Amino acid sequence: MILWNARMNDEELPVIDGSLTRESHLILQQFTSHNQISSFTLAIIKFILLLENSCKEDVRVVPTSVRSSIEGIESALYQDELQSLTLTDSEISLLESAAFQFINHTMAGVVSLRSLFPPLDKSAEDLLHALLPITKLVQLNLWEDSAMKSEIQNLLKSEIFKKIKRAVDVWTEDRLAMLDEHVAYSQCQTDPVLPQTSSLADLLQEVCVICTPKPAYQEMFHKVNVNYYKTICLRVDHMLAHKVKELVHEMNYYQKRYQSYQVNIRDSSRISLKLFLAIKNIYSVLKKSIPDREVFKLRMVHFDQWFEESLIFWLETFKSECNMRMEKALEIDKDFVPVTSQVKHSNSSVDVLSSFAKITTEWRDIGVQDADHLLIGAIKISNVICDGTRLYADKIASILECNGYYDGNSTEFDINQQVCITVNNIEYIRRYLSQLAEMLNYEDISRSLTLKYDDDAVGRQSFQMLNRLISTASEDIVLKERNLLQKIVDQMEPNLNKHIKIFSSAASLATTCDQEF
């Protein structure tokens with residue numbers, strides 16, 4: 001009757017909205033009463049009819065009619081007199097067949113919807129609107145005692161997973177292809193690994209933002225029992241891990257090939273460190289969306305091991321950049337002008353300490369976990385900073401000597417502001433060494449080594465060795481300060497003796513006058 005009413009319309013394509021004319025309704029009522037067909041069974045048959053015709057091309061079913069039919073079944077189920085009613089085997093078979101046809105037909109239409117990655121609120125709303133009849137179907141109490149509900153849910157989740165994964169794959173493949181094309185057209189580098197690695201690090205930062213969960217978006221997919229962010233995080237990891245590992249391997253080869261060229265190593269180390277920090281950041285984001293028991297599925301789980309060779313070059317780069325920045329600071333600050341009238345040290349000392357702080361901060365950001373690598377890094381960085389303080393003290397002493405502050409040729413020696421600031425600069429830098437043990441976490445490194453080797457002596461000896469580096473550097477600088485002060489005193493000695501003689505002569509004259517008086 002529903003189909004007959006739909007075909008009675010003048011439209012080319014029959015439209016089914018589930019309604020009946022008054023005459024058809026009376027005929028159906030008499031038929032169901034004569035054959036003792038319950039209103040519940042009638043609602044089920046109507047629902048099956050709507051589901052089956054929703055999959056046909058020669059008719060169009062109004063979407064709201066399916067939802068209205070579902071609501072009619074739910075209403076019937078909640079009536080007291082119908083609580084004991086159950087579906088017959090034939091009704092279950094017909095309903096299961098129609099339901100699967102309807103789900104497959106609906107999901108085929110979902111494929112044409114806009115992409116689900118990157119996550120856009122409009123995309124999720126379109127999907128949920130298209131899936132609303134299916135979600136209503138799944139929520140029906142008809143399935144409580146049947147395996148049908150779980151089968152429908154599994155099919156629904158499977159199809160949504162496929163669409164999400166496909167969206168991630170397409171987007172990621174396009175971005176990686178754009179990355180390669182950009183490098184291919186770039187003529188600024190002779191070796192493509194450097195721009196490729198830098199661009200990949202930028203892409204990872206972009207993906208990191210995309211994969212940071214948005215509660216509203218997560219809640220929308222929760223309505224269809226899909227963990228959206230877990231799905232995209234696992235897929236993103238799958239798509240990007242191989243490319244990352246491949247470029248790290250190429251970068252290691254590049255650095256070995258150019259290890260004798262400081263400029264190449266410095267530039268490549270900055271880029272590989274940029275990539276490492278980007279991977280560390282994205283791995284942290286991905287891991288938050290995945291249960292602890294499933295973290296092992298991430299291909300980036302051991303990403304830090306990929307950079308073990310790069311670590312040595314990073315440490316060497318820290319040293320070269322520190323020395324380069326020190327040279328530049330001293331060149332600019334050759335006259336040792338104080339920072340302010342209240343601060344008795346110059347800008348060069350501030351710049352040098354800033355470079356030290358940058359090194360320790362970057363090392364902490366790297367976040368090495370292995371105890372042995374932590375010790376190696378702490379030794380290298382401690383040596384960089386300790387050698388840097390020694391070099392700074394030597395440079396300043398050389399500048400003073402070149403400027404003739406104590407060359408032994410001058411007849412007069414004046415303790416002016418520049419000399420005071422110079423000495424203060426050295427002491428200002430030296431005091432920074434006392435903070436190094438805390439900044440590089442010497443105690444934590446000692447404990448890590450003790451736990452790794454189950455030997456207190458290993459941790460204690462490493463702690464003592466690290467502190468010895470600082471104390472030795474501090475003693476060397478103190479000795480440099482004493483030598484510098486001794487030279488200043490030596491220069492002052494002629495003037496001091498001259499004034500002492502004047503004071504002595506004046507005192508003797510005063511004593512003689514007193515005696516004569």
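All figures in this text were calculated on a predicted structure; none of them were measured in a lab.

Q: Looking at this structure, how should I read the overall build of the chain?
A: Looking only at helices and strands, the chain features 19 helices and 2 strands. Burial analysis of the chain (517 residues in total) assigns 42% to the buried set. In the chain, 76% of the contacts between residues at least 6 apart in sequence involve partners at least 24 apart. Accessible surface computed for the chain: about 28500 Å², of which carbon and sulfur atoms make up 52%.

Q: Is there a simple way to explain unusual backbone geometry in this structure?
A: For residues other than glycine, phi is negative in most cases, and the peptide bonds are mostly trans. Positive phi values are uncommon outside glycine, yet Asn-441 reaches one of about 55°. Tracing the backbone through its elements, the reader meets Asn-441 in the loop between helix H17 (436-439) and helix H18 (442-453). Classification of Asn-441 as partly exposed rests on a relative accessible area of 32%. Although it is not a glycine, Asp-454 sits at a positive phi angle of roughly 50°. Relative to the elements of secondary structure, Asp-454 occurs in the loop between H18 and helix H19 (456-516).

Q: Explain the packing of aromatic side chains to me, please; I cannot follow it from the model alone.
A: Any two aromatic rings considered together are summarised by their centre-to-centre distance and by the angle between their planes. Within the structure shown, the criterion is met by 14 aromatic pairs. With centroids separated by 4.7 Å and ring planes inclined at 25°, the aromatic side chains of Phe-221 and Tyr-228 adopt a geometry described as stacked. Of the two residues, Phe-221 and Tyr-228, both sit in the buried class. An aromatic cluster is defined as three or more aromatic residues linked by ring pairs; in this entry it consists of Phe-276, Tyr-283, Phe-303, Phe-307 and Trp-314.

Q: Looking at this model, I keep getting lost on the pattern of salt bridges. Mind explaining?
A: Two side chains of opposite charge can pair, provided their charged atoms sit close to one another. One pass over the structure, following the stated rule, counts 23 salt bridges. Arg-390 serves as the salt-bridge partner of Asp-387, at 2.8 Å between the closest nitrogen and oxygen. Pair noted here: Asp-387 and Arg-390 are both in helix H15 (residues 371-402), with a separation of 3 residues, about one helical turn. What emerges from the salt-bridge pattern is a single network uniting Arg-270, Glu-321, Lys-358 and Glu-362.

Q: Quick question: what am I supposed to make of helix H9 (residues 215-222) here?
A: In an α-helix there are 3.6 residues to a turn, and that puts residues three or four apart on one side. Every buried residue of H9 is accounted for by Tyr-217, Met-220 and Phe-221. Projection of H9 onto a plane perpendicular to its axis shows the buried side chains occupying an angular sector of 90°, all on one side. Turned more than 90 degrees from where H9 packs its buried face, Pro-215 and Ala-216 sit exposed.

Q: So what exactly am I meant to see when it comes to the side chain of Thr-389 here?
A: Within the secondary structure layout, Thr-389 lies in helix H15. Other than its neighbours up to four places away in sequence, Thr-389 contacts Phe-356, Ile-429, Leu-433 and Ile-477.

Q: I'm lost on the environment of Asn-383 in this one. Help?
A: Turning to its location among the elements, Asn-383 is positioned in helix H15. Between the C-alpha atom of Asn-383 and that of Leu-469, which follows or precedes it by 86 residues, the distance is 7.2 Å. Setting aside residues no more than four positions away along its own chain, Asn-383 makes contact with Gly-388 and Leu-469.

Q: It is not clear to me how the packing of H15 against H18 should be interpreted in this structure. Could you clarify?
A: Two quantities define a packed helix pair, namely the angle between the helix axes and the distance between the axes. Taken N-terminus to C-terminus, the directions of H15 and H18 make an angle of 150°; their axes are 9 Å apart at the nearest point. One element, H15, and the other, H18, form an angle in the roughly antiparallel class. For the element pair H15 and H18, the recorded crossing hand is left-handed. When H15 is examined against H18, the residues Ala-371, Asp-372, Leu-374, Leu-375, Ala-378 and Ser-382 are found in contact with a partner set consisting of Tyr-442, Ile-445, Ser-448, Leu-449, Lys-452 and Tyr-453.

Q: Please clarify how the side chain of Ser-474 should be interpreted in this entry.
A: Tracing the chain through its elements places Ser-474 in helix H19. Ignoring anything within four residues of it in the chain, the contact list for Ser-474 reads Arg-430 and Leu-433.

Q: What is the right way to look at helix H14 (residues 347-366) in this model?
A: Taking 1.5 Å of rise per residue, the 20 residues of H14 would be expected to cover 28 Å, and the 29 Å separating its terminal C-alpha atoms lies within 8% of that figure. Taken residue by residue, H14 has Ser-348, Ser-349, Val-352, Leu-353, Ser-355, Phe-356, Ile-359, Thr-360, Glu-362, Trp-363 and Ile-366 as its buried positions. Trailing H14 by a residue or two, Gly-367 shows a phi angle of about 65°, which is positive.

Q: For this particular structure, what's the right way to read the packing of H14 against H15?
A: Here H14 crosses H15 at 175°, and the two axes come no closer than 11 Å. The orientation of H14 with respect to H15, classified from their angle, is roughly antiparallel. Here H14 contributes Ser-348, Ser-349, Val-352, Phe-356, Ile-359, Thr-360 and Trp-363 to the contact with H15, which in turn contributes His-373, Leu-374, Gly-377, Ala-378, Ile-381, Val-384, Ile-385, Gly-388, Thr-389 and Tyr-392. Among the residues making up the contact of H14 with H15, the classes are represented as 10 nonpolar, 7 polar and no charged.

Q: How should the state of the cysteines be read in this particular structure?
A: Any covalent bond linking the sulfur atoms of two cysteines counts as a disulfide. Summed over the entire model, instances satisfying the criterion amount to 0 disulfides. The thiol of Cys-208 is not disulfide-bonded; the next cysteine sulfur, from Cys-211, is found 7.6 Å away.

Q: What am I meant to see in the environment of Ser-268 here?
A: By the secondary structure assignment, Ser-268 is in helix H11 (residues 262-288). For Ser-268, a relative accessible area of 0% translates into the label buried. Placed 42 residues apart in sequence, Ser-268 and Ser-310 show a C-alpha to C-alpha distance of 9.5 Å. Those residues in contact with Ser-268 that sit more than four places away from it in its chain are Leu-194, Met-251, Tyr-254 and Gln-255.

Q: Help me out: how do you make sense of the environment of Val-193 in this one?
A: With respect to the secondary-structure elements, Val-193 resides in helix H8 (residues 193-210). Here the alpha-carbon distance between Val-193 and Leu-247, two residues 54 residues apart in the chain, equals 7.0 Å. Setting aside anything within four residues of it in sequence, one finds Val-193 in contact with Leu-247, Glu-250, Met-251 and Tyr-254.

About the criteria used
Residues numbered from 1 in each chain as written. Predicted model: local features only at pLDDT ≥ 70, side-chain atom pairs only at ≥ 80, totals over all residues. Heavy atoms only, no water. Helix = DSSP H or I, 4+ residues; strand = E, 2+ residues; numbered from the N terminus. Buried < 20%, exposed > 50% of the residue type's maximum accessible area, 1.4 Å probe, protein only. Contact = heavy atoms within 4.5 Å. Areas by Shrake-Rupley, 256 points an atom, 1.4 Å probe, with all protein chains shown as cover. Phe/Tyr/Trp six-rings, centres within 6.5 Å; stacked < 30°, edge-to-face > 60°. Salt bridge = Lys/Arg side-chain N within 4 Å of Asp/Glu carboxyl O. Arc of directions from axis to C-beta. Axes fitted to C-alpha atoms, helices over the stretch in contact; angles between N-to-C directions. Parallel < 35°, antiparallel > 145°, perpendicular 65-115°, else oblique. Left-handed = near helix turned anticlockwise from the far one by under 90°. Expected span 1.5 Å × (residues − 1). Nonpolar A, V, L, I, M, F, W, Y, C, P; charged D, E, K, R; others polar. Disulfide = S-S within 2.5 Å.

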